[in-house]
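# Commentary on secondary and tertiary structure
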Amino acid sequence: MQITMAGFLFLLLVINSIMIFRLRDMKRTDIIRHLKNMAWGVAGIIVPEMVILLAKDRQIAYCAFTFYYIAFAWYAMMIFRFSVNYSGYKLFKIYKSPLFWIVVTESAALVWGMFSERFFTITHARWYNHIYWISKGFSILYVHAIVSGVALIGAVVVLIIAATQSTRIYRLKYSGVAIIIAVVAVSCVDSQIGQQPILANVICFAFCEMVIVYMAVHYAPRKLNQKAMRFVADKLNDGIVLYNDEHQLQFVTAGYRDAVGLKGMQEIDNEEMYWTKVISAANVENAWDGRVMSVVRDDRTYYYDIQHMALNENGKLIGTVYWIRNVTESIKNYGEMVRRANFDELTGIYNEAHFHEKARKLLEEHPDTNFVIACSSIEKFRVFKELFGQEKYDDYLIRTAEALRTGLAHIPNCNYGRIGEADFYIIMPKEFFDPQQFLDAIGRVANAYNTNNFNLIVKAGVYEITEPSQDMLAICNKASMACDTIKGDYGKRILWFDESIQRDARLKERYNAELSKAIEHGELQIYLQPQVDNEGKIIGAEALARWIHREDGLIPPAHFIPFFEMNGRITELDICIWRQACEKLREWKEKGRDDLYISVNISARDLYALDIYEHYVSLVKEYGIDAKNLKLEITESAIINDLKQHVHLVEKLQKAGFEVEMDDFGSAYSSFNMLKDICVDVLKIDMKFLGDTEHKERSHAILKSIVDLSGELHMKTIAEGVETKEQLEFLKGVGCNIYQGYYLSKPMPAADFDAKYL
């Protein structure tokens, strides 16, 4: 029997040890620290009792009893300190407590008397037909009992006081633990009075310790949270209903009665079957967010704003919660409410949520039909809005929606909607989809808004839905990705989605995530492309960004710059390049080469994200360089967005000593009229401006006119993209001032530029 009980105690010791390690993993607080101390105390009690059970030698048993009494004294003190801290009272440092020194003295005395049996003796006794070692006390053992008893009773008293002084919601937190500690005290008294083996005590202590940890760490906080949540929920006027995984009613709030129009709370018992039918009829897939539905109760129609959420644990349904608000009185016209919930307010066609819902329904009802989804969007819609105003912009959206409504009316199983600010989506069977007809329909609307200074260009992306089970958002995103891919490509108006587009999108997102670290680690570097005068002399260079990726090597700028311009992070990259350019100019100045300049690019995003004037003035001061050596390139399309403001900016920069270049002149808007308002120092013309054309004489005449015009306006001209000797000779002949291009030199690392030209 002793071996069996020792094995049982060993099991308790293992459980106690696991509990100690679990407590170590929890957030370190005073409560957790005291619980760990108590758990170690229980371990110190269990081990001696295991030795007592198995000991044959009297001296070994006596030593084990000594360590048991020492461990119990410390355990009782730990219980008292835990109770004081748990109740929210301030604790003295342990060495300042009289109880601590009493326990230290008692422990020392017990160790001193271990081999002389001066303080207690042990003997065999029969208990339930088995022989066990028991102790018989002398004076100090009674002192031990008094000290331990005072500590335990003190703990119970402290917890009771805390419980009586607390609000009802907190009483369980203290009273439950007080009862458990009282059980420990009663067990000790019973053992001393009845002269029984301490085995029962040890088992009681171990179980009580586990219960205290459970109560303090898990049960009481959870119950407190539940009561608090119930208290808050009952104060709400709205109704909250909780069902289990079988749609059986588990919990309702007091506000539920008013929310659903019950006459009394006694009717709630009948609600289970009623709401089970409503849930079934609603055909809920996952969750609603403010979906209004009608329910007929007692021959009257009620309208409820219902939010629903399925509760899952490890992928399995454990319950369902509904937040129900009665909106019957607030809805005067339910048809109008439904229209607002499902239709775009401006255009009158489906909004995003309802388009997704209708598209999903089409795919489910026609599983054998091949569907396509198309996304149309306009290039630079924000520019359009800035140039023509909100009213004109809204008019375009309304007319486009009407064109879709009229043009697609005859096509079966076709739906369309407006998603986002300027995107329209269409889903229809593939057999009825004509890409050119689709583009012409929406393109005719766009053409009506074209002017001499602005062309409204419509792009479209198309995705053949090969996996109808996909989330509708993912399906729409694929069409959108195809549309975004060709924005800025004036040669393409429509593109079908394929996996390469998705790979490119993922790669861009990867680059987006890595940009900050790339800048920090010096992966973003300037390459310099020389600019020469008519005599072939190097007079400066343009700073171009290159990404030397630690894994992918040299990434072409076309793979990341347009993406960063689109998402707004181009400003981070530009600032990095500007600083490197300034650093290189300072290096040249120190070497006596302040006759060279570097041109840097300013994107449209920079003009809105930064105070360009303050930024550049600060840069030249910081690096100790001359403003004339840092030339600033601004694209024509960036300037035209807010011409008045940017005219003022250019004037301020010029007064500060900077030269301002208009990059890509003529490539976007051909706005010669703009030159009368803004006075830049340099026009930069890309040779691609001429394009591939059969009328080269006409192209040459146009380019010569631009050069002559710039001379009349006292502006220099830079020709970039010079790729052949013939182009260079022609440009010299028409009076161009500065040249840049692959014929002269490719962009190169700054160090190579220095080695070759300085």
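Anything mentioned here points back to the structure above.
In this report, the structure presented in the accompanying data block is examined.

Cut-offs used in this document
Residues numbered from 1 in each chain as written. Predicted model: local features only at pLDDT ≥ 70, side-chain atom pairs only at ≥ 80, totals over all residues. Heavy atoms only, no water. Helix = DSSP H or I, 4+ residues; strand = E, 2+ residues; numbered from the N terminus. Buried < 20%, exposed > 50% of the residue type's maximum accessible area, 1.4 Å probe, protein only. Contact = heavy atoms within 4.5 Å. Pairing = 2+ DSSP bridges. Axes fitted to C-alpha atoms, helices over the stretch in contact; angles between N-to-C directions. Patch = residues over 30% accessible without salt bridge, like charges linked within 9 Å, V, L, I, M, F, W, Y side chains within 5 Å. Areas by Shrake-Rupley, 256 points an atom, 1.4 Å probe, with all protein chains shown as cover. Salt bridge = Lys/Arg side-chain N within 4 Å of Asp/Glu carboxyl O. Lys, Arg positive; Asp, Glu negative; His and termini not counted. Charge placed at Lys NZ, Arg CZ, Asp CG, Glu CD. Polar contact = N/O pair within 3.5 Å; in protein donor to acceptor, adjacent residues only side chain to side chain.

### Comments concerning the overall build of the chain
Helix and strand counts for the chain stand at 25 helices and 22 strands. Looking at the chain residue by residue over its 758 residues, the buried ones come to 46%.

### Quick word on the environment of I486
Residue position: I486 is located in the loop between helix 15 (472-485) and strand 12 (494-496). In sequence terms I486 and G461 are 25 residues apart; their C-alpha atoms lie 8.5 Å from each other. The contact partners of I486, leaving out residues within four places of it in the chain, are E379, K459, A460, K492, R493, I494 and L495.

### Topic: the sheet that holds strand 9 (residues 415-419)
As summarised here, the arrangement of the 5 strands in space is 9-10-8-11-12, forming an open sheet in which the pairing is mixed. Each having just a single partner strand, strand 9 and strand 12 make up the two edges of the open sheet. Each adjacent strand pair in this sheet contributes to an overall mean axis angle of 20°, direction not counted. With respect to the sheet, helix 11 (residues 352-365) is in contact with strand 8 (371-378), strand 9 and strand 10 (423-429), its orientation differing from that of strand 9 by roughly 150°.

### A few points about a negative patch on the surface
On the surface, a cluster of negative charge is contributed by E467, D498, E499 and D504. Within the secondary structure, D504 sits in helix 16 (residues 499-520). Residue classification places D504 among the partly exposed positions, given a relative accessible area of 42%.

### Looking at the side chain of T571
Along the chain, T571 turns up in helix 18 (residues 570-590). Polar contacts involving the side chain of T571 include one to the side chain of D606, which spans 2.8 Å. If we ignore the near neighbours within four places in the chain, the residues touching T571 are R605, D606, A609 and L610.

From the geometry alone we can't say anything about function, so treat these as descriptive.
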